[in-house]
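So you can see what is in the structure, the chains are spelled out below.
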Amino acid sequence: AGRVYVMDRPKAPAGQERVLCFDLEGKPLWTHSWEADYGSMEYGSGPRASVTVHEGAAYALGAAGMACCLDAATGAVRWQVDTVKTHGAKVPTWGVAASPVIDAGRVLLHVGARPDGSVLALDRANGELVWRGGADPAGYCTPEIITHGGGRQLIAWGPENVQSLDPETGATNWTYPYKITYGVSIAQPVYHDGVLVVSGYWNGTKALRLGASAREVSLAWENEKDMCGLMSGPLRRDGVLYLLDKSTGLQAIQHATGKILWSDENTLTPKDRNPQMSLAWLKQQEGLAALLNASGELVYVRLEPGGFEELGRYQIIGKTWAHPAFSGERVYARSDTELVAWRLW
């Protein structure tokens, strides 16, 4: 609706987080802030999650566990809940990072509440608790709802397990152990045709095959050394995954088998100890993608099972790990200090 939403942590006044709303030309429209004690949080520069906008409401989740629902047009507070004080959420090392997920009349928050509150479902209208589910601590991955065998499952990846919950009740369908070094469960899993692929920086990639019933899961394939993602959510098209590996760069991988088809050898984003590049389809049917790399370059690329073709590269912002937002003919990108809008074509 012609508005741009972003979260930050201002230097002054200190100890606060904010949601900011701008118009399409960058004019500030409104701001909502709250107190946020980061304590000894690693890389405590600001919030990690994206603002989720739905039916006139803007939902935000701060790095220290504050959740709020704001009027998307005015910024007026509809409700605000401290998930740490109210529900026993435990903030992980790098802060709460999963974006709010809307499901019918609920907003789902991955905050690692104790006990049995890996995910909290709050009423969208008033912020009251509807259910809590899952025993895992908080990771950094936004939960997702998939449809398998005609039924819905909420997938929540934490530092110790991949979990499937019932989105209606929070009850556990299945749990698959996958203990992650330093707890860095970040990139969103990819589901297709009964196979859920989960990739981590230290412990590699596992593909889980979901069974005939909602309680069945087994290992389809795994690769612990040659296929290690970190923050970047993979893309998928025509049976092939495109995953940013920590060593060799962007890889093309057969979803069903785990066979590596090719790697870009670190040409699309700089090789680094923690490489990052946000991936998004522009025209998925044509294999056209836009990649915002860690140097702030927007790279147009065509991705195919047989290789990739770089079509253009544009410096749109400084160094960044933040995912851009695409709307109409524009891309919006942010760093720790700057928010920019560029025309795509």
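Residues numbered from 1 in each chain as written. Predicted model: local features only at pLDDT ≥ 70, side-chain atom pairs only at ≥ 80, totals over all residues. Heavy atoms only, no water.

Caption draft 1: The sheet that holds strand β15 (residues 172-177), seen in detail. Taking strand neighbours across the sheet as the criterion, the 4 strands line up as β12-β13-β14-β15 in an open arrangement whose pairing is antiparallel. Of all the strands in the sheet, just β12 (144-148) and β15 have a single pairing partner and so form its edges. Going across the sheet, the axis of each strand differs from the next one's by a mean of 25°, ignoring polarity. Where strand β13 (residues 151-157) and strand β14 (residues 161-165) come together, 4 bridges link them in antiparallel fashion. Residue pairing in the sheet places L154 in a bridge with L165 of β14. (Pairing = 2+ DSSP bridges. Helix = DSSP H or I, 4+ residues; strand = E, 2+ residues; numbered from the N terminus. Axes fitted to C-alpha atoms, helices over the stretch in contact; angles between N-to-C directions.)

Caption draft 2: Up close: the environment of W94. When you line up the elements, W94 lands in the loop between α1 (83-87) and β8 (101-103). W94 sits in the partly exposed class, given a relative accessible area of 30%. Separated by 209 residues in sequence, W94 and L303 place their C-alpha atoms 32 Å apart. Sequence-distant contacts of W94, that is, excluding residues within four places in its chain, are made with M41, E42, Y43, R48, Y140, Y182 and V184. (Buried < 20%, exposed > 50% of the residue type's maximum accessible area, 1.4 Å probe, protein only. Contact = heavy atoms within 4.5 Å.)

Caption draft 3: Seen up close, the sheet that holds strand β18 (residues 204-210). The strand order β16-β17-β18-β19 describes an open sheet built from 4 strands, whose pairing is antiparallel. Edge positions in the sheet fall to β16 (190-192) and β19 (217-223), since each has one partner strand and no second. Strand-to-strand twist in this sheet, taken as the mean axis angle between neighbours without regard to direction, amounts to 20°. Relative to strand β17 (residues 195-200), β16 runs antiparallel, the two being bridged by 3 bridges. Among the inter-strand pairings, H192 is bridged to a residue of β17, identified as V195.

Caption draft 4: How the structure looks around the pattern of salt bridges. Within the structure shown, the criterion is met by 15 salt bridges. Notably, a salt bridge pairs R237 with D238, separated by 3.7 Å at the nearest N-O pair. In this structure R237 comes out as buried when scored by relative accessible area, which is 11%. For E310, the salt bridge identified is with R313, shortest N-O distance 2.9 Å. Given the relative accessible area of 32%, R313 is considered partly exposed. Through salt bridges with shared partners, a single ionic network connects D103, R106, R152 and E168. (Salt bridge = Lys/Arg side-chain N within 4 Å of Asp/Glu carboxyl O.)

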